[in-house]
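# Structure assessment
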Amino acid sequence: MTLSPAQAATSLEPAEIAERLVRARLDRRPLSEFPGGALPPELAVSYAAQDLAIDLWPDEVAGWKVGRIPTELQESLGAERLCGPIFSRRVQIASGAGPTAFPVFQGGFTAVEAEFVYRLAADAPADKTDWTPAEALSLVDGLHMGVEIAASPLAAINILGPLAVASDFGNNDGLILGPELVGWRDRTDESLICATEIDGVTVGEGSAASLAGGPAASLAFLLNNTARRGRPLRRGCLVTTGAATGIHDIRAGQTARISFGEFGEILCVAQPDPAAASSGGNDEHDDKA
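Let us look at the structure shown here.

Attention now moves to the side chain of Asn224. Assignment of secondary structure puts Asn224 in helix H8 (residues 215–228). Taking the relative accessible area as the measure of exposure, Asn224 reaches 11% and is therefore buried. Ignoring sequence-local partners within four residues, the contact set of Asn224 consists of Thr129, Asp130 and Trp131.

Written as structure tokens, this is what we have:
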């Protein structure tokens, strides 16, 4: 992997990265660059920053998101996937009466992702770090439709890549949880279809089979990753397994419709972030403030 000038420079210590990212998220303040200007040198450092940021965040972890690392970066980073926490107060139940509202990250990055979401029926053994997809499914209580709100104070987070994404809560800012997909265990991954529209225009289509190895492979990765970090998954944990139709940028005022075929759909609408407006965060781009 060829390092960019930012990566080649000396990065901050994980504690400083965590503190700056958490401060920006709490203030809903965009950042013009990764804290300190240099990315962590490896994923282990990104996860060290993530773990410290989780401890700083004033909320409990209710679940985890899993995302795919681009194929061309997997060998150099030594991983096919990455993950980040989903916090309790950022989980919403999809409304049946109308679109579920969520805030955009003003001046930062915001997108929606169609997700197949596992709910765990039991705690994972703390000392097991070699889960297979089949073993992972034995912990699952249900599979739900869902929408991940992918958002960050870093507008360029996906351009900066996985080292930035893993540092910043996996680029997660919430989950809209829909109903369970009844009978999912008797269905093939190919038959669990989904599509995403923004303002009535289809921007992506896919299925559970769009995820490499299927959703169970994402869950097995997460079980291994979190156990090795001393954060084994717990009963009731919600796990988003990957962007089945892609990552779709969204702006305040736009409405997304995520369809799961015969199982139904989730409607959601992006709104201006009142927290950013009240703090003046839209005008501040200095990550050293």
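Next, the rest of the story.
All right, on to the nonpolar core then. Among the nonpolar cores identified, the biggest contains 73 residues, and Phe116, Leu219 and Leu233 are the most heavily contacted of them. Judged by nonpolar contacts, the second largest core, of five residues, contains Ile86, Val117, Leu175 and Leu238.

Turning to the environment of Leu139, a few remarks are in order. Turning to its location among the elements, Leu139 is positioned in the loop between helix H5 (133–137) and strand S6 (140–152). Leu139 sits in the buried class, given a relative accessible area of 8%. Taking the C-alpha atoms as reference points, Leu139 and Ala121, separated by 18 residues in sequence, lie 5.7 Å from one another. Not counting residues within four places of it along the chain, the set of residues in contact with Leu139 comprises Arg119, Leu120, Ala121, Ala122, Asp123, Ala124, Trp131 and Leu223.

Under the 1.5 Å per step criterion, the end-to-end length of helix H2 (residues 14–27) is 20 Å for 14 residues, consistent within 8% with the ideal 20 Å. Along H2, the positions that sit buried rather than exposed are Pro14, Ile17, Ala18, Arg20, Leu21, Val22, Ala24 and Arg25. Contacts from the buried residues of H2 go to helix H3 (43–56), S6, helix H7 (162–167) and strand S7 (172–180). Just past H2, the residue Arg28 takes up positive phi, approximately 55 degrees.

Inspection of the entire model under this criterion finds five aromatic pairs. With a centroid separation of 5.6 Å and 85 degrees between ring planes, the pair formed by Trp57 and Phe169 is classed as edge-to-face. Highlighted residues: Trp57 in the loop between H3 and strand S1 (61–68) and Phe169 in the loop between H7 and S7, separated in sequence by 112 residues. Taken individually, Trp57 and Phe169 each receive the classification buried, so the pair is uniform in this respect. Between Phe116 and Phe260, the aromatic rings sit 5.5 Å apart at their centres with planes inclined by 85 degrees, giving edge-to-face as the arrangement. Taken together, the residues span a long stretch of sequence, with Phe116 in strand S5 (residues 109–120) and Phe260 in the loop between strand S12 (255–259) and strand S13 (265–271) at a distance of 144 residues. Like Phe116, the residue Phe260 is buried in the burial classification.

Reading guide: rules and limits
Residues numbered from 1 in each chain as written. Predicted model: local features only at pLDDT ≥ 70, side-chain atom pairs only at ≥ 80, totals over all residues. Heavy atoms only, no water. Helix = DSSP H or I, 4+ residues; strand = E, 2+ residues; numbered from the N terminus. Buried < 20%, exposed > 50% of the residue type's maximum accessible area, 1.4 Å probe, protein only. Contact = heavy atoms within 4.5 Å. Core = buried A, V, L, I, M, F, W, Y, C linked by side-chain atoms within 4.5 Å. Expected span 1.5 Å × (residues − 1). Phe/Tyr/Trp six-rings, centres within 6.5 Å; stacked < 30°, edge-to-face > 60°.

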